[in-house]
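# Commentary on secondary and tertiary structure
Residue strings, one per chain:
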Amino acid sequence: MVWIQVWSDPNEYIRSEKITSVSYRMAKTAAGQDWIEVVAEPMGRVILQASVRAGEIPRAGPGQKSWLRLVDARARLVMREVIRIISDQEQHSKMVSLHDLVIPDFEQEVPDDLNIEIQVWNIPCHHCHKETPVVYPVGAFFGYMLEFNFLSNLPRMLAEKYPFFKKAPAKETDAGEYRNTCVHCGEPQPDWRVMESYLEITNTPSLVTEKAQITVPLTDEEKIEYRKAGITPGW
Ligand SMILES: [Zn+2]
C-alpha cells in the first residue's frame, strides 16, 4: 500500500489499494497543449500532470492525427509508469508524489534523414510496349511498403536522379504526382504495373539493373511518425 499525493491538493493522499484503475485526459494548463493528467478511479482525483513533449497541436491536416497518436502513445507510457509505482512493494507505506517518480523516457534519437534503397529495372511500356526503365524504393517504413509519395522529399529527389521519373501531365486526374514515364513515348506507367513488376523482381533479383542508396530528409511530421513508431534507423 502506498499513499499517493493528489495533484490539486498536496495535503491530500489516496491509498493505492483504493485505486481500481487510472485513465488520462488532456490537461487544461497554460504550460502547453501537450500536457496530460492522470486520473485515479473511482475517486476521480488527478494524481499527476505531465507534459508528453509533443509540442503544440498542428492546425490541420495529417500532422494533427500524428500528433494525437503521439500524445496517446506517450500518455500510455506515463500511465504504465504510474501503475508500476503505485503497485511497487518497495514503496510500501510510503507517501509518494508521482511528480518526483514518474520520469518516462520519450526521447528516442530521431534522424534528420533516412537512407532509402532504390532499384531500377526494365518493364515493357504500358503504351508502346518497348522496354523502359522504372525506379522504385525498396523496403518498408512504419511497417508500410514504401511508395513514392510516402516520404514527401523522395519523389523530387528521384526525379533529379532519374529523368524518366517525372510529374504526370496536368490532364491526368492525379496531376502533380511523380510517375515513371516511358523513355520512348513519354507515357506515365501506372503505379500498379510498377508494383506488380516489383513483386516479380523480388523473386528474380538478376533483373535489377541498378541499386542505389539515397538520403531522404524527413519532414517534421515524418519525424513525429518515426518517433511514435519507435523504429531504429538501421531497418
Ligand atoms: Zn512507351
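As shown above, the structure is provided for reference.
One structure accompanies this document, and this report is about it. (Residues numbered from 1 in each chain as written. Predicted model: local features only at pLDDT ≥ 70, side-chain atom pairs only at ≥ 80, totals over all residues. Heavy atoms only, no water.)

### Quick look at the overall build of the protein chain
Selection criterion: In this description a helix means any DSSP run of H or I spanning at least four residues, a strand means any run of E spanning at least two, and both kinds are numbered starting from the N terminus. A simple rule labels every residue: compare its accessible area, found with a 1.4 Å probe on the protein chains alone, to the largest value its type can have, and call it buried under 20%, exposed over 50%, or partly exposed in between. A contact between two residues is defined here by any heavy atoms of the two lying within 4.5 Å. Where accessible areas are quoted, they stem from the Shrake-Rupley method and a 1.4 Å probe; at the residue level, only the protein chains shown are allowed to cover.
Within the protein chain one finds five helices and 13 strands. When each of the 235 residues of the protein chain is scored for burial, the buried share is 41%. Considering only intrachain contacts with a sequence separation of at least 6, the fraction spanning at least 24 residues in the protein chain is 55%. When the accessible surface of the protein chain is totalled, it reaches about 13200 Å², and 50% of it is carbon and sulfur.

### Section: the packing of aromatic side chains
Think of a pair of aromatic rings as described by two things: how far the centres are apart, and how the planes are tilted against each other in angle. The criterion, for reference: Ring pairs are drawn from Phe, Tyr and Trp, using the six-membered ring of Trp, whenever the two centres fall within 6.5 Å, and their geometry is named by plane angle: stacked under 30 degrees, edge-to-face over 60, tilted for the rest.
Per the stated rule, a full pass over the model turns up four aromatic pairs. Where W121 meets Y198, the ring centres are 6.1 Å apart and the plane angle is 40 degrees; that geometry is what we call tilted. On the criterion of sequence distance, the pair formed by W121 in strand β7 (residues 113-124) and Y198 in helix α4 (residues 191-203) is long-range, its members being 77 residues apart. Ring centres 5.7 Å apart and planes at 50 degrees place the aromatic pair Y162 and F164 in the tilted group.

### Considerations on unusual backbone geometry
Residue P42 is reached from E41 by a cis peptide bond, and omega for that bond is 10 degrees. Here the phi dihedral of R53 falls at roughly 50 degrees; this positive angle occurs in a residue that is not glycine. As for its placement among the helices and strands, R53 is situated in the loop between β5 (45-51) and α1 (62-86). We note that H129 has phi near 70 degrees; this positive angle belongs to a residue other than glycine. For H129, the position within the fold is in the loop between β7 and β8 (131-138).

### Observations concerning the sheet that holds strand β1 (residues 3-5)
Selection rule: Strand pairing is defined by DSSP finding a minimum of two bridges between the two strands.
Pairing in this open sheet of three strands is mixed, and the strands run β2-β1-β6 from one edge to the other. Two strands bound the open sheet, and with one partner strand each, they are β2 (13-15) and β6 (95-96). By the bridge criterion, three bridges tie β1 to β2 in an arrangement that is antiparallel. Opposite W3, over in β2, you have R15 as the bridge partner.

### Notes on the coordination of the zinc ion
Stated precisely, the cut-off is as follows: Here a donor is an N, O or S atom found within 2.8 Å of the metal, or within 3.2 Å if the metal is Na, K or Ca; sites may look incomplete because water is not among the atoms. For four-coordinate sites, all angles between 85 and 135 degrees define a tetrahedron; for four- and six-coordinate sites, opposite donors beyond 155 degrees with the remaining angles between 65 and 115 define square planar and octahedral shapes respectively, and all other cases count as irregular.
Within the protein, C125 (SG), C128 (SG), C182 (SG) and C185 (SG) serve as the donor atoms for the zinc ion, at 2.3 to 2.4 Å. Here the zinc ion is ringed by four donor atoms whose angles at the metal span 106 to 115 degrees, and the overall shape comes out tetrahedral. Read in sequence order, the donor residues coordinating the zinc ion give the pattern C-x2-C-x53-C-x2-C. With C128 in the loop between β7 and β8 and C185 in the loop between β12 (178-180) and α4, this residue pair connects regions lying 57 residues apart in the sequence. Since its relative accessible area comes to 25%, C128 is described here as partly exposed. Residue C185 is classed as partly exposed on the basis of its relative accessible area of 34%.

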